[in-house]
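Chain by chain, the residues run as shown.
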Amino acid sequence: MLYPQANEIRMTSKLDGMWKFSNTSQVDLKKPLTHAQLMAVPASFNDQTLDKQLSDYVGTVWYERNFAVQPETLQKRLVLRFGAVTHQAKVYINGQFVDQHVGGFTPFEFTINDYVQVGINDLKVAVSNILDNTTLPSAAYDEKTNHLEPRFDFYNYSGIHRPVVLYTTNFTYIDTFDINYQLTGEQAVVTPSAEIVGPYDQAMITYFDEDEVLLGQSSLGGSFMIDKPKRWNVMDAHLYAAEIKVYQKGQLLDTYRQEFGLRTIKVEDGQFYLNDKPVYFKGFGRHEDFIASGRGENLALTNLDFNIMKNLGANSFRTSHYPYSEEEMMLADKRGFLVIDEVAAVGLYNDFSVNTGISQTDSSTWQVLQTGKAHKQALKELVERDKNHPSVVMWSLANEPAGQQEGAYEYFKPLFEYMRTLDDRPLTVVNISMSGYQLDKVSSLCDVLCLNRYYGWYVDNDDLTKAKQDLAQDIEGWHELYPNKPIIFTEFGADTIYGKHSLYHEPYSEEYQWDYYEANFQVFDKYDYVVGEQLWNFADFKTSPSLIRVMGNNKGVFTRERQPKMVVKLLQKRWHKQN
Ligand code: GCB
C-alpha cells in the first residue's frame, strides 16, 4: 500500500480535525451520533477530556464526520485511508458497513466509490481498544467484567492515531512500488518492482539524485545503473528518488515518486556492518506518547525528539513496542537514524502484568496465547509498509516474549522463516532476562542478540558493584553460546524522578541514574562484540497505574515534557566522543 501522494494524477485531501465522538453503544447508523462531543484526530481519545471513565475506557467508541464528494471525483477511484486506528476499526459510510481492520499500528485503506454520493457523505468509525490472547499487543481480557489487564508497560492509548486521507487515482493505478537494488563496489543496480492494477501498455521509471538532477530512465522490469552512488549513511543520509509513470496509448494514467537510499548491511563475526564499516548503535527505546495527544501523531514532538537525539550524539532508536508513524519513518530516513523496526508483539508472556510481576511457576504462555495468526499478519503489514526505508536496518519480531518456555521455538520458527521470505534484513527478538542464555529457546533464530537488562535496578538494586559483575557474566554467557552474533542492549535503565537528588546516590535520584548508566557503560566497553546501547527510555511515559509506577514510567532521561535529567550531560559527552 502506497503512502498518499498528490501529483498531476492523484488528489489527496486530509480528513484530520475535530470529529464527533461518543462512547455510547446505541448508535443508529442512519443518523448522526447523539450526545456526541468533539475529539481531535489524529490523537488518542483518552486524555482529551476531563472524564476519568473515558480515559480508562475499555470497549468500542464511535467517531463521525462528514466529507464532500464532487461529481468529477466519482469519475475516479476514490480511496479512504487510515494511517492507524488503535486497535480495531469498523468503517461505515452513509450507514453502510464498508470494511474493518485489526491491528493498531499499520495503515489500511478501502476503495469507497460504491458507498458515496455526490455532495455530503457521513463517515462513522467504530473503534475498539479491546486486546486479548489473540491480539498484538496481548492482554488478559475478562469479557464478563470487561476488565483488561495489559501484559505490557505502556498505557493502552486508543483512537484514530494517525492521519485520515481521502485520495483519488484513475481506475488503472499503481498499487505497490518498491525499490530493490544491488550495491557492489562503486555501482548500484536498481531494479524497481511495481504492481499495477488495470490496463496499461507502458511503465517508465525516471531517476533523480538528491538535488533533483535527472539521472536517467528505465522501463518497469528493467534495471538502472547508478555509478559511484552516494551512499545512505548513519547520520549522513542521501536519498535518491524514482518516479514511475504508467501510460496507455501515450496517455499518462498514474504516477508515483518513491525516495530511496543506497546502503549495505551485513552481520558477521560479532559486528554489525553498515556500508562495510562496523557501526555502534547509540540511542534509545522510545514511545509515541505525550500529554493530551496520547499516542496520536505529533510531528512537532517527533521533530524535537530527533533534534534532541542528534544533539546528544545518538544515532539510532527502536520503535518499541509497535510500528511508529509513517511520517516518523520518513523523517528517520532523512536524518540518517538507524531504526530497529518492531512489530507490536509485546506481552507474549502469560501471567505478566506490571502490577503482579511475572509468576516464575507459570509456563503456559505458548498454550494460552493464540497470537500466531495476528503476528504473521502484522509482520506482513510492517514489511509492506516499511521495506523502502533505508533507516530500517533490522526487524524486531517481538519484545520480551517468554522465550524460555516450552513452545517458544516452535512459535517463532515459522515466523522467522516467513520474514526471511519477505525481506533480507537482519532479524531479532528482544530478549527478557527471565529467558537468559541458559534457558532461552529463540535466540538461535536471531541474527543479532538484543538484550533488555536491568542490573542495578530490578536486579541488584542499589548495588552497582554486583550489578557490573552480573552484567559481565551475562554478556560472556551469551557470547560463549553465540560467538558470532553481535549484542545490542536494547533496554537498560533506572526509574528517576526529575528533581530528586540524593547525597547518598539513592535509587530514584538523578545521581543514581547517572551512576547506573556509568556502571553499565563501563561493562559494555570491555566487549567489542557489544555493538550498541539503547537506553530505556528516551522520555518518561504514561502507563496504567501501579505501585511501582510513579504516575507513569520514569526511566526517561528526559521528562515527559522533555526537560533533561542530569544524566543527559553524561550521554552527550560519551556519545560525541564515540563518533
Ligand atoms: C521492559 C519492557 C518495557 C518496560 C521496561 C520497564 O523490559 O520491555 O516495556 O517499560 O521493562 O521499565 O520495566
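Here goes a summary of the coordinates provided. In this text the structure is predicted, and so the values were computed from the model without any measurement.

Reading the values: the criteria
- Residues numbered from 1 in each chain as written.
- Predicted model: local features only at pLDDT ≥ 70, side-chain atom pairs only at ≥ 80, totals over all residues.
- Heavy atoms only, no water.
- Pairing = 2+ DSSP bridges.
- Helix = DSSP H or I, 4+ residues; strand = E, 2+ residues; numbered from the N terminus.
- Axes fitted to C-alpha atoms, helices over the stretch in contact; angles between N-to-C directions.
- Near = heavy atom within 4 Å.
- Polar contact = N/O pair within 3.5 Å; in protein donor to acceptor, adjacent residues only side chain to side chain.
- Areas by Shrake-Rupley, 256 points an atom, 1.4 Å probe, with all protein chains shown as cover.
- Nonpolar A, V, L, I, M, F, W, Y, C, P; charged D, E, K, R; others polar.
- Core = buried A, V, L, I, M, F, W, Y, C linked by side-chain atoms within 4.5 Å.
- Buried < 20%, exposed > 50% of the residue type's maximum accessible area, 1.4 Å probe, protein only.
- Domains from an automatic or database assignment.
- Contact = heavy atoms within 4.5 Å.
- Salt bridge = Lys/Arg side-chain N within 4 Å of Asp/Glu carboxyl O.

Observations regarding the sheet that holds strand β7 (residues 88–93)
- Reading across from one edge, β3-β2-β4-β10-β7-β8 is the order of the six strands in this open sheet, with antiparallel pairing throughout. Two strands in the sheet have a free side with no partner beyond their single neighbour: β3 (37–41) and β8 (96–102). Adjacent strand axes in the sheet meet at a mean angle of 30° when their direction is disregarded.
- Where β7 lies against strand β10 (residues 119–128), six bridges are found, and the strand directions are antiparallel. Note that in β10 the partner of A89 across the bridge is V127.

Details of the site of the ligand
- Surveying the vicinity of the ligand reveals 13 residues, the closest of which are D153, H321, E400, Y458 and K555.
- Within the side chain of H321, one N or O atom sits 2.7 Å away from an oxygen atom of the ligand.
- Within the side chain of W536, one N or O atom sits 3.1 Å away from an oxygen atom of the ligand.
- Relative to its free-state accessible area of 320 Å², the ligand is covered by the protein chains to the extent of 90%.
- Among the residues making up the shell around the ligand, the classes are represented as four nonpolar, four polar and five charged.

Observations concerning the nonpolar core
- If you look at the biggest cluster of nonpolar residues, it comprises 90 residues, and the most contacted ones within it are F284, F412 and I475.
- A total of seven residues in this core trace back to one element, the largest contributor, which is helix α8 (residues 510–524).
- Residue assignment places this core across two domains, with domain 1 (17–162) and domain 3 (265–578) each supplying three or more.
- One finds V91, V116, L123 and V125 within the second-largest nonpolar core, a separate group that totals 29 residues.

Here we look at the environment of K124
- Turning to its location among the elements, K124 is positioned in strand β10.
- K124 sits in the buried class, given a relative accessible area of 1%.
- Residues K124 and G95, 29 residues apart in the sequence, show an inter-C-alpha distance of 8.0 Å.
- Every residue in contact with K124, bar those within four places of it in the chain, is listed here: V27, D28, L29, K31, P32, L33, W62, Y63, E64, K90, V91 and Y92.
- A polar contact of 2.9 Å, which involves the side chain of K124, links it to the backbone oxygen of K31.

Some remarks on the pattern of salt bridges
- Taken as a whole and judged by the stated rule, the model has 38 salt bridges.
- R257 is the partner of E212 in a salt bridge, and the nearest nitrogen-oxygen pair spans 2.6 Å. Of this pair, E212 sits in the loop between β17 (202–208) and β18 (214–219) while R257 sits in strand β21 (residues 251–260), and the two are 45 residues apart along the sequence.
- A relative accessible area of 23% means that R257 is categorised as partly exposed.
- We note a salt bridge from R562 to D305, for which the minimum N-O separation is 2.7 Å. With R562 in the loop between β34 (530–536) and α9 (567–577) and D305 in helix α2 (residues 299–312), this pair connects stretches of sequence that are 257 residues apart.
- Look at D305 and you get buried, because its relative accessible area is 2%.

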